[in-house]
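# Coordinates in review
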Amino acid sequence: MAESRQNGVETARSYADSVRGAFSAMGVYGGVQAVQILAGMIRGKSAALLLGVGGMGVASLYASAAAVVQQIAVAGLNLAVVREISGMSDDEESCRVAATVSRRLTDLCAVGGAILCLLMSPLLSLLTFGSYEYTVGFMCLSLMVGMSVAATGRLALLQATRSLRPLAGATICSTVVSVVVAVPLYWAFSVNGIVPAMIAGSLSGLWFYSRAVGRLRRYGGSVGVRLRDHKPLVRRLLRSGMSLMAVGAMSVGVTFAVNVWLRAEAGESSVAMYNAASSVSSQCASLVFMAMAMDYFPRISALAGDRKAMSDVVEHQICAVLTVLAPMSCLLSAMAPLVTGLLFSSEFDGMIPMLRWLSVAMVLKGVSYPLGYVPLAMGHRRLYFRLEGVYGTVTVFTAVAAGYVAGGLEGIGVAMCAVYALDIAVYAMVCRRCFGVLPGGRTLSIAGRSVAIAVCAVMASGLPDRVWAYAAQAVVCLVALTASWIELCRIKRDI
């Protein structure tokens, strides 16, 4: 009897800790996201007016190509460092040694990434734009790639230690500086200012993340270590990182392939609208998904040996995520025309239907995303590679291509909803069979309700009469907000 009571207390404490952790991380990143949305509005509006839809397409192609090189160069060390350090003991000296080793490895990767981008500049220009005209631009982007890789290593240390507030402060400062520098460059040089703006953004990120790491008591200072004196740690990081690098490279590679395919199929205007719609939905959801990456992944990595506790944390995370995402999705669908007008220009009105369906995909991703972290947290690198790398790459590219052929940009939005719905089924089956981790019936009920509300919001926007369409969307948004408020009150009562 006493043992049962003790188990009940531990379960309640675990529930409270996991839910508080989820909402605490979202609260911290709420301020970050507010700044990033404002900065995105300024930067996106400036780019739309100063560069035009074609110029934004060029910027998107530059960014996606550079991201491929960056993912290859970082060698998956960012996630490997998080998993390694988040599970370490409280021995200050060993923690500082691990931090120093990880920084030196990422710095070496940064130099290698810059050299790789420099050597591949002609090939990147040919693959991305179909000519060698942009070779010099890619050569200059090698600086951006190197600094971005180094900044990623610093960010990983902040993430591993769950130093949310220093990380949030560095992100805000970097975002503000990059926008302050980018807008004048767009104004002065138009399309020729794209690459300098990207370099300035990566430099600001490296500066602020380095300062944030330097202020950490346990991890900030360097110690006199040589990589060859810590071969087991180096091998462990590299072995774990290589499989993660493959996944990351395939993930950004499919984005690059989609952009190149869209440019060849429909021109740079379609590339710009596709990336604009994806960017808006990603920014809206990044409050949740950034918090999940920074707080949730280290927590479940530390629970890799306790599957019951991990199942509880996964379930609580999904509930917390959907409580925030469901009303956010409805509001985004209802305000899609207004958001497009504020952030871009009338040239981008063709992306509105796609943006509405991506709001539904956002909710579906809120269910699949927490499940997708489980294989990685459990250390099953090959399974993670098969799911996130091979399966994810094939389904996303197939969905985008088939969706565009069938229904243009709106077809892409519908296809992405299908992809995330399939992800839920696949990840749930894998987590249950391989790890014994599966959300309970209540979580699935909340997921079904949230998706149904999001779909109703999109359907309401399609009513032929504008007045009835606005009224129906208002009702759906009210229902979503009420349901989330009731769920939040229940969570508050339980913890």
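Residues numbered from 1 in each chain as written. Predicted model: local features only at pLDDT ≥ 70, side-chain atom pairs only at ≥ 80, totals over all residues. Heavy atoms only, no water.

Within the protein, the regular secondary structure consists of 16 helices and zero strands. The buried share of the protein, reckoned over its 495 residues, is 56%. Partitioning the contacts of the protein with sequence separation of at least 6, the portion at a separation of at least 24 is 84%. Counting every atom, the protein has about 20900 Å² of accessible surface; 65% of that belongs to carbon and sulfur. (Helix = DSSP H or I, 4+ residues; strand = E, 2+ residues; numbered from the N terminus. Buried < 20%, exposed > 50% of the residue type's maximum accessible area, 1.4 Å probe, protein only. Contact = heavy atoms within 4.5 Å. Areas by Shrake-Rupley, 256 points an atom, 1.4 Å probe, with all protein chains shown as cover.)

Here the focus is helix α2 (residues 52–74). If you check α2, its first and last C-alpha atoms are 32 Å apart, about what 23 residues at 1.5 Å a residue would give, namely 33 Å. A large share of α2 lies buried, amounting to 18 of its 23 residues. (Expected span 1.5 Å × (residues − 1).)

Let's shift gears to helix α5 (residues 121–129). All of the buried residues in α5 are Ser-121, Leu-124, Ser-125, Thr-128 and Phe-129. Down the axis of α5, the sector holding all buried residues measures 100°, keeping them to one side. The positive-phi residue at the C-terminal boundary of α5 is Gly-130, with phi of around 80°. (Arc of directions from axis to C-beta.)

Applying the stated criterion across every chain yields a total of three cavities of 30 Å³ or more. Of the pockets and cavities examined, the second largest cavity occupies roughly 50 Å³. In this structure, the second largest cavity is lined by Leu-322, Thr-323, Ala-326, Ile-446, Arg-449, Ser-450, Ala-480, Ala-483, Ser-484 and Glu-487. Top contributing element to the lining of the second largest cavity by residue count: helix α16 (residues 466–494), with four residues. Within the lining of the second largest cavity, the residues separate by chemical class into five nonpolar, three polar and two charged. (1 Å grid on protein atoms, 1.4 Å probe; cavity = no way out; pocket = protein on both sides within 12 Å on 5 of 7 lines; lining within 4 Å. Points joined across faces, edges and corners; volume = space filled by probe spheres on them. Nonpolar A, V, L, I, M, F, W, Y, C, P; charged D, E, K, R; others polar.)

In this section: a nonpolar patch on the surface. Residues Leu-331, Met-335, Leu-338, Leu-342 and Leu-481 make up a contiguous nonpolar surface patch of about 430 Å² in total accessible area. In this fold, Leu-338 is placed in helix α12 (residues 336–343). (Patch = residues over 30% accessible without salt bridge, like charges linked within 9 Å, V, L, I, M, F, W, Y side chains within 5 Å. Salt bridge = Lys/Arg side-chain N within 4 Å of Asp/Glu carboxyl O.)

Let us now look at the pattern of salt bridges. Applying the stated rule across the entire model yields one salt bridge. For Arg-154, the salt bridge identified is with Asp-107, shortest N-O distance 2.6 Å. A residue pair is termed long-range when its members are at least 10 positions apart, and Arg-154 in helix α6 (residues 135–160) and Asp-107 in helix α4 (residues 92–119) qualify at 47 residues. Exposure remark for Arg-154: the relative accessible area of 12% places this residue in the buried category. Note on Asp-107: relative accessible area 28%, which makes it partly exposed.

It is worth spelling out the nonpolar core at this point. Counting 139 residues, the largest nonpolar core has Tyr-62, Leu-141, Phe-344, Phe-348 and Met-351 as the members making the most contacts within it. Take this core: its biggest share by element is 17 residues, from helix α14 (residues 381–435). (Core = buried A, V, L, I, M, F, W, Y, C linked by side-chain atoms within 4.5 Å.)

Think of a pair of aromatic rings as described by two things: how far the centres are apart, and how the planes are tilted against each other in angle. Applying the stated criterion across every chain, the model contains seven aromatic pairs. Geometrically, the ring pair formed by Trp-261 and Tyr-404 is edge-to-face, given 6.0 Å between the ring centres and 90° between the ring planes. Of this pair, Trp-261 sits in helix α9 (residues 231–266) while Tyr-404 is found in helix α14, placing the two residues 143 residues apart along the sequence. The ring of Tyr-369 is capped by Lys-365, whose NZ or CZ atom sits 5.1 Å from the centre of that ring. (Phe/Tyr/Trp six-rings, centres within 6.5 Å; stacked < 30°, edge-to-face > 60°. Lys NZ or Arg CZ within 6 Å of the ring centre and 35° of its normal.)

By the element assignment, Arg-381 lies in helix α14. Taking relative accessible area as the criterion, Arg-381 reaches 29% and is therefore assigned partly exposed.

Following the sequence through the fold, Val-367 ends up in helix α13 (residues 352–377). Val-367 sits in the buried class, given a relative accessible area of 5%. A sequence separation of 48 residues divides Val-367 from Cys-319, and the C-alpha atoms of the two residues are 8.7 Å apart. Apart from residues no more than four positions distant in its own chain, Val-367 is found in contact with Ile-318, Leu-322, Ile-424 and Ala-447.

Put simply, α6 and helix α8 (residues 194–214) touch, their axes get as near as 8 Å, and they point 25° apart. One element, α6, and the other, α8, form an angle in the roughly parallel class. Considering the relative orientation of α6 and α8, their crossing is left-handed. (Axes fitted to C-alpha atoms, helices over the stretch in contact; angles between N-to-C directions. Parallel < 35°, antiparallel > 145°, perpendicular 65-115°, else oblique. Left-handed = near helix turned anticlockwise from the far one by under 90°.)

What follows covers the side chain of Ser-329. Structurally, the position occupied by Ser-329 is in helix α11 (residues 307–334). Apart from residues lying up to four places away in sequence, Ser-329 is in contact with Ser-359, Val-360, Met-362, Val-363 and Ala-454.

Per-residue pLDDT for the protein has a mean of 79; in total, 83% of the residues score no lower than 70. Confidence, expressed as mean pLDDT per element, reaches its minimum in the protein at helix α1 (residues 2–50) with 58 and its maximum at α8 with 89. Note on residues 1–15: pLDDT is under 50 here. Beyond four places in sequence and across chains, it has seven contacts. (pLDDT = per-residue confidence, 0-100.)

Once that is clear, we can look at the packing of α11 against helix α15 (residues 441–461). Closest axis-to-axis distance for the α11/α15 pair is 9 Å, and the angle between their directions is 10°. Of the possible angle classes, the one that applies to α11 and α15 is roughly parallel. Residues Glu-315, Ile-318, Cys-319, Leu-322, Ala-326, Ser-329, Cys-330 and Ser-333 of α11 form the contact with α15, whose own contacting residues are Arg-442, Thr-443, Ile-446, Ala-447, Ser-450, Ile-453, Ala-454, Ala-457 and Val-458.

The subject of this paragraph is unusual backbone geometry. Although it is not a glycine, Ser-190 adopts a positive phi angle of roughly 55°. By the element assignment, Ser-190 lies in the loop between α7 (164–189) and α8. Overall, Ser-190 belongs to the partly exposed group, its relative accessible area being 30%.

As a further point, take the side chain of Thr-128. Take Thr-128: it is sitting in helix α5. What makes Thr-128 buried here is its relative accessible area of 0%. Each residue touching Thr-128, except ones within four places of it in the same chain, is listed here: Leu-61, Ala-65, Phe-138, Phe-256, Val-260 and Arg-263.

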